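# Chains, contacts and geometry: an overview
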Amino acid sequence: MALYRTERRNSVESVATATRGDLMINAEKICKTYDTENEHVVALKDVDFSIARGEMVAVMGPSGCGKTTLLNCLSGLDNIDSGRILLEDTDLTTLSDRQRTDYRARRMGFIFQVYNLLPVLSAVENVELPLLVAGVRPKEARERALAALELVELSKWARHRPAQLSGGQRQRVTVARALVTEPAIIWADEPTGALDSRTANDVMSLMRALNQRDGLTFVIVTHDAGIGDRCDRIVRMEDGAITGEVAHDVFEQSLAVTTRATR
C-alpha cells in the first residue's frame with residue numbers, strides 16, 4: 001500500500017521565486033502575546049514565514065526565542081493575535097477551533113521529543129489510533145498502520161508495546177503515526193532531543209528520506225546544528241522574531257569553517 005502519491009521535484013524551488021500555488025505555508029505578520037501574573041510576554045513579533053512544497057526547513061535559535069510558539073501557531077494549535085496563516089491556500093485564521101482540528105487531522109502530522117504513545121497499546125494500535133478517531137474503518141486503519149510501520153522499518157515490532165521498544169524505535173512509531181494519515185506537512189519539535197547521537201542520526205535519516213523520496217514537507221524545531229545541516233534551509237529566530245535564514249549549502253560551508261576554527 002503506497003502512503004504517498006506525490007512526486008519529489010528534482011530540486012526544491014526557492015521560496016523567493018515560488019508562486020503562491022507552490023507554497024505550502026505562507027504566513028504574514030504573525031503576532032502572539034501571553035499574559036502572565038507578572039508580565040506581558042511578546043512571543044512572536046510580526047513574523048513572516050514561507051515554505052515551498054517539498055521543502056525541509058529547520059527553525060533554530062536559543063531556548064525561549066519563540067520556535068515552539070511559531071510551530072504551534074503555524075499548525076493552528078495556538079491562536080494568534082494578528083496576522084494571517086495560509087496552509088495550502090487555506091486561511092487558518094478564518095477557521096473555527098473544530099475546523100482547525102479537522103484540518104490538522106487530515107493534512108498534518110506531528111513528531112515531538114516526548115513520544116506521547118499510549119503505553120497500553122501496541123505499536124500498530126498507537127499508529128492506527130488517529131485513523132480510528134477520524135472514522136476510518138478498523139480493517140483499513142490496521143492495513144494503513146502496518147504499511148506505515150513497514151515504511152519506518154518496524155514491521156517486526158508491530159505488536160510490541162512502547163515499554164518493549166528502544167527510544168529510537170518508539171520515535172519511529174511516532175513517525176509512523178505522523179505519516180499514517182498521509183499528511184501534506186509534518187511538524188517536528190526537537191524530534192531527536194531524547195535520543196543518543198547514533199539513534200538521532202537514524203531518525204533524521206529516515207525523515208530526510210521521506211522528504212527526498214516522497215516530497216513530504218517538514219518543519220523541524222531544533223537546537224541541533226547537525227539536523228539543520230541536513231535540511232534545505234535554516235531559519236534563525238531570536239526574541240520572537242526571525243533574524244535571518246540560510247540555504248543548506250551555505251550553512252554547511254559556514255559550519256565547516258566554525259568546526260575548523262574550534263579545533
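In this report, the structure presented in the accompanying data block is examined.

A word on a nonpolar patch on the surface. Together, Leu118, Val120, Leu129, Leu132 and Val133 make up an exposed nonpolar region whose accessible area comes to about 430 Å². Looking at where Leu132 falls in the secondary structure, it is placed in helix α3 (residues 123–133).

Across all of its chains, the model carries one aromatic pair by this definition. When the centroid spacing of 5.9 Å and the interplanar angle of 15° are considered together, the rings of Phe110 and Phe112 count as stacked. Note on Phe110: relative accessible area 18%, which makes it buried. For Phe112, a relative accessible area of 24% puts it in the partly exposed group.

A few words on the sheet that holds strand β9 (residues 233–238). Within the open sheet, the six strands sit side by side as β6-β7-β8-β3-β9-β10. Their pairing is mixed. On the outer flanks of this sheet lie β6 (108–112) and β10 (241–247), each paired with one strand and no other. Across this sheet, the average inter-strand angle for adjacent strands is 20°, counted without regard to direction. With four bridges connecting them, strand β3 (residues 56–60) and strand β8 (residues 217–221) associate as parallel partners. Directly across from Ala58, in β8, lies its bridge partner Ile220. Strand contacts of helix α2 (residues 97–107): β6 and β7 (185–189), with the helix running at about 80° to β6, the strand carrying the most contacts.

The rules behind the values
- The numbers attached to residues start from 1 for each chain and follow its sequence in the written order.
- The predicted nature of this model means local features are confined to residues of pLDDT at least 70 and side-chain atom pairs, given and counted, to a pLDDT of 80 or more, with totals for whole chains, interfaces and linings taken over all residues.
- Side-chain metrics in this entry use all non-hydrogen atoms of the structure; hydrogen atoms and water are not considered.
- Patch construction takes residues with relative accessible area above 30% that form no salt bridge. Like charges are linked within 9 Å, and nonpolar side chains (Val, Leu, Ile, Met, Phe, Trp, Tyr) are linked within 5 Å.
- Surface accessibility follows the Shrake-Rupley procedure with a 1.4 Å probe radius. Residue values consider only the protein chains on display as shielding.
- When a carboxyl oxygen of Asp or Glu is within 4 Å of a side-chain nitrogen of Lys or Arg, the pair counts as a salt bridge.
- Only runs of H or I of at least four residues qualify as helices and only runs of E of at least two qualify as strands under DSSP, and these elements are numbered from the N terminus.
- Aromatic pairing here means that ring centres of Phe, Tyr or Trp (its six-membered ring) are within 6.5 Å. Orientation follows from the plane angle: under 30 degrees is stacked, over 60 is edge-to-face, and everything else is tilted.
- Only protein chains enter the accessibility calculation, which uses a 1.4 Å probe; a residue is then buried when its area is under 20% of its type maximum, exposed when over 50%, and partly exposed in between.
- By the convention used here, strands pair only if DSSP detects at least 2 bridges between them.
- Interaxial angle, 0 to 180 degrees, is taken between N-to-C directions of lines fitted to C-alpha atoms, where a helix line uses only the stretch in contact.
- The contact criterion used throughout is that any non-hydrogen atoms of two residues lie within 4.5 Å.

These values are about where atoms sit, not about what they do.
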